[in-house]
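# Overview (structure and organization)
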Amino acid sequence: MDLSLTPEQASFRSEVRAWLQEHVPTERLAPPGTPEGLEQHRAWERTLFEAGFAAVHWPSESGGRGLGPIETSLFYDEYLAAGAPERLNRLALGLAGPTLIECGTPEQRERWLSRMLSCDDLWCQGFSEPGAGSDLAALRTRGVVDGDRLRVSGQKIWTSHSRFADWIFALVRTDPDAPRHRGISFVMIDRHSPGVDVRPIKQMNHASSFAEVWFDDVDVPLANVVGDLHDGWRVAMVALTNERSSNLNTAAHFEQLLREVVDMVPDDRRQDPRVLERIGRAHEEIEAYRYVTLRTLTELSQGRRPGVQSAMGKLWWSQMQTRLHELGLELMGEDAELLDPAQATNGFVHRYWLGRAAHIYAGSDEIQRNILAERWLGLPKGR
Ligand SMILES: Cc1cc2nc3c(=O)[nH]c(=O)nc-3n(C[C@H](O)[C@H](O)[C@H](O)COP(=O)(O)OP(=O)(O)OC[C@H]3O[C@@H](n4cnc5c(N)ncnc54)[C@H](O)[C@@H]3O)c2cc1C
């Protein structure tokens, strides 16, 4: 086992580090849900695009850098360590774009890919519905074929970024008589079309980062279907595999989170050995997690799909994230309870800890445990 970088990888890392040092905004950007924040995030995405860093993992003929999983992971390690802003168009760059590259027609790639990279078009993902989340194949939004058009009606839910997105990549049922994993199509819908209604959901942490999206007889060209009509489940699996593979770079994310936790320790507790021990243990846990992600990277760079390995990584990641937030709250002491929600330090109390989002999205904890139980431990499949 050789974990050292090749000279090319080390040189790429230095290039990225130097560029980020020069360009990362020194002030935290406003949240993308505000008009000011949206413009700031778009401007940052354009800066990345102009430097050729918008989607380093995309093939060069599609506007990326054609980097493999290890170099992509190096890029994001540096990105997170530099405290660079959250990626605004990540659903396009991580899911919709790679899916178009693998399953789209040349016309579709020409139409959408470069506008994803430059952030001229912002995208959201319309998969989940009430009653179709973990059991995604239960989805009921209809797409009725009418000549060279689809007429889409139904409801999506938990659609992140839909308040300001321009396009939705969505799953719709185009053949209600087919077995449920067939008869689904993967379709690109213009979010500004007549009949699309976005209704924000107010979360208990006061944010509103996702919404319900309603479709009322929305007119969509059949040319916007990616892959064959009724073959959307296969296309969706391509998108979801890309989502799992793009969730790799989180050891650096947790290091960043731990730095924020350490910053929150009140001055009079900074030398307390109990505090130092807790921080040391969190650091150990992050280091152990780094090796889980390295195993996944090894599988990906050898052209294998990570499977069970990525289920373990996702479960570890969601659990560790909550433990780090709890550590932050504990170390803040009574301040944690007394904070005004609007002024919560670094957003910990309301934005992250109450949200618990990582236990749900990209496959809930229970679903990951099912995968580990069935495919790793060989236990019988649950009902
Ligand atoms: C922050 C956030 C952002 C999101 N963004 C998007 C988005 O942009 N686009 C989109 O389409 N969706 C999005 N989602 C939705 C997400 O994909 C779903 O919430 C997720 O798939 C779970 O579905 P559900 O909420 O319907 O819960 P359910 O599937 O109804 O699950 C409810 C509970 O039952 C458990 N459960 C379900 N099935 C099983 C089983 N077989 N065995 C054991 N336990 C089970 C679950 O783990 C969970 O605890 C987002 C979710 C979150 C939290």
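This is a predicted model, so every value here is computed, not measured. (Residues numbered from 1 in each chain as written. Predicted model: local features only at pLDDT ≥ 70, side-chain atom pairs only at ≥ 80, totals over all residues. Heavy atoms only, no water.)

### Observations concerning unusual backbone geometry
- Despite not being glycine, Trp158 shows a phi value in the positive range, around 60°.
- Along the polypeptide, Trp158 turns up in strand β3 (residues 149–160).
- Overall, the relative accessible area of 47% leaves Trp158 in the partly exposed class.
- Positioned with a positive phi, Asp217 is a non-glycine residue whose angle comes to about 55°.
- By the secondary structure assignment, Asp217 is in strand β7 (residues 210–221).
- Judged by relative accessible area, which is 39%, Asp217 ranks as partly exposed. (Helix = DSSP H or I, 4+ residues; strand = E, 2+ residues; numbered from the N terminus. Buried < 20%, exposed > 50% of the residue type's maximum accessible area, 1.4 Å probe, protein only.)

### With respect to the pattern of salt bridges
- Under the definition given, this model contains 23 salt bridges.
- Two residues, Glu39 and Arg46, come together in a salt bridge whose shortest N-O distance is 3.1 Å.
- Arg46 sits in the partly exposed class, given a relative accessible area of 27%.
- The shortest N-O distance in the salt bridge between Glu326 and Arg356 comes to 3.7 Å. Remark: Arg356 occurs in the loop between α11 (348–353) and α12 (365–376) and Glu326 occurs in helix α9 (residues 308–332); sequence separation between them is 30 residues.
- According to the relative accessible area criterion, Glu326 is partly exposed, its value standing at 33%.
- Three or more residues joined by partner-sharing salt bridges are found here, namely Arg149, Arg151, Asp217 and Asp219. (Salt bridge = Lys/Arg side-chain N within 4 Å of Asp/Glu carboxyl O.)

### Description of the UniProt feature "domain: Acyl-CoA oxidase/dehydrogenase middle" (unreviewed entry) in the protein
- The UniProt record annotates "domain: Acyl-CoA oxidase/dehydrogenase middle" (unreviewed entry) at residues 124–218.
- For residues 124–218, helix accounts for 0% and strand for 51%, while the C-alpha atoms at its two ends are 17 Å apart. (UniProt positions renumbered as here; feature names shortened; annotations may be inferred.)

### Some thoughts on the nonpolar core
- Core analysis: the biggest nonpolar cluster contains 34 residues, and Met116, Trp123, Phe127, Phe169, Phe186 and Met188 have the highest contact counts within it.
- When residues of this core are traced back to their parent elements, those giving at least two are α4 (90–103), α5 (106–117), β4 (167–173), β5 (184–190) and α6 (232–245).
- Broken down by element, the residue count for this core peaks at eight residues, all from α4.
- The residues that make up this core include at least three from each of domain 1 (7–88) and domain 2 (123–233). (Core = buried A, V, L, I, M, F, W, Y, C linked by side-chain atoms within 4.5 Å. Domains from an automatic or database assignment.)

### Observations regarding the layout of surface pockets
- Size it by volume and the second largest pocket reaches roughly 690 Å³.
- If you go around the second largest pocket, you meet 25 residues; those closest to its centre are Leu3, Leu5, Ile70, Leu294 and Leu297.
- At the level of elements, α1 (7–23), α3 (69–81) and α8 (273–301) are the ones that each hand at least two residues to the lining of the second largest pocket.
- Among the elements that take part in the lining of the second largest pocket, α8 stands out by supplying eight residues, more than any other.
- Both of domain 1 (7–88) and domain 3 (247–376) provide at least three residues apiece to the lining of the second largest pocket. (1 Å grid on protein atoms, 1.4 Å probe; cavity = no way out; pocket = protein on both sides within 12 Å on 5 of 7 lines; lining within 4 Å. Points joined across faces, edges and corners; volume = space filled by probe spheres on them.)

### Digging into the site of the ligand
- Lining the immediate surroundings of the ligand are 16 residues, of which Gln125, Ser134, Trp158, Ser364 and Glu366 lie closest.
- Measuring from an oxygen atom of the ligand, one finds a backbone N or O atom of Ser128 at 2.7 Å.
- Interatomic distance of 2.6 Å between a side-chain N/O atom of Ser134 and an oxygen atom of the ligand.
- Elements supplying a minimum of two residues to the shell around the ligand: β3 and α12.
- Taken together, the residues of the shell around the ligand sort by class into seven nonpolar, eight polar and one charged. (Near = heavy atom within 4 Å. Polar contact = N/O pair within 3.5 Å; in protein donor to acceptor, adjacent residues only side chain to side chain. Nonpolar A, V, L, I, M, F, W, Y, C, P; charged D, E, K, R; others polar.)

### Here's the deal with the domain arrangement of the protein
- We note that the domain assignment places domain 1 (7–88), domain 2 (123–233) and domain 3 (247–376) within the protein.
- Here domain 1 and domain 2 have C-alpha centroids that lie 29 Å from each other.
- Of the roughly 350 Å² buried where domain 1 meets domain 2, counting both sides, 55% is carbon and sulfur surface.
- Where domain 1 meets domain 2, there are one salt bridge.
- The salt bridge involving Arg42 is made with Asp166; its shortest N-O contact spans 3.7 Å.
- Where domain 1 packs against domain 2, one counts one residue pair in polar contact (both at pLDDT 80 or more).
- Across the side of domain 1 that touches domain 2, the residue classes tally to three nonpolar, one polar and one charged. (Buried area = accessible area lost by both parts, 1.4 Å probe.)

### Considerations on the packing of aromatic side chains
- In total, this model carries 18 aromatic pairs according to the counting rule given.
- Between Phe127 and Phe186 the ring centres are 6.1 Å apart and the planes differ by 80°, which places this aromatic pair in the edge-to-face class. Pair noted here: Phe127 is in the loop between β1 (123–126) and β2 (142–146) and Phe186 is in strand β5, with a separation of 59 residues, a long-range link.
- A relative accessible area of 4% places Phe127 in the buried class.
- By the ring-pair criterion, three or more aromatic residues cluster together here, those being Trp19, Trp44, Phe53, Phe75, Tyr76 and Tyr79. (Phe/Tyr/Trp six-rings, centres within 6.5 Å; stacked < 30°, edge-to-face > 60°.)

### Considering the packing of α9 against α12
- Between α9 and α12, the shortest axis-to-axis distance is 9 Å and the interhelical angle comes to 145°. The chirality of how α9 crosses α12 is left-handed. Each of Val308, Ala311, Met312, Lys314, Leu315, Ser318 and Gln319 in α9 lies in contact with α12, whose residues at this interface are Asp365, Gln368, Arg369, Ile371, Leu372, Arg375 and Trp376.
- Residue classes in the contact of α9 with α12 are distributed as seven nonpolar, three polar and four charged. (Axes fitted to C-alpha atoms, helices over the stretch in contact; angles between N-to-C directions. Left-handed = near helix turned anticlockwise from the far one by under 90°. Contact = heavy atoms within 4.5 Å.)

### A word on a nonpolar patch on the surface
- Together, Met1, Leu3 and Tyr291 make up an exposed nonpolar region whose accessible area comes to about 420 Å².
- We classify Leu3 as partly exposed; its relative accessible area is 49%. (Patch = residues over 30% accessible without salt bridge, like charges linked within 9 Å, V, L, I, M, F, W, Y side chains within 5 Å. Areas by Shrake-Rupley, 256 points an atom, 1.4 Å probe, with all protein chains shown as cover.)

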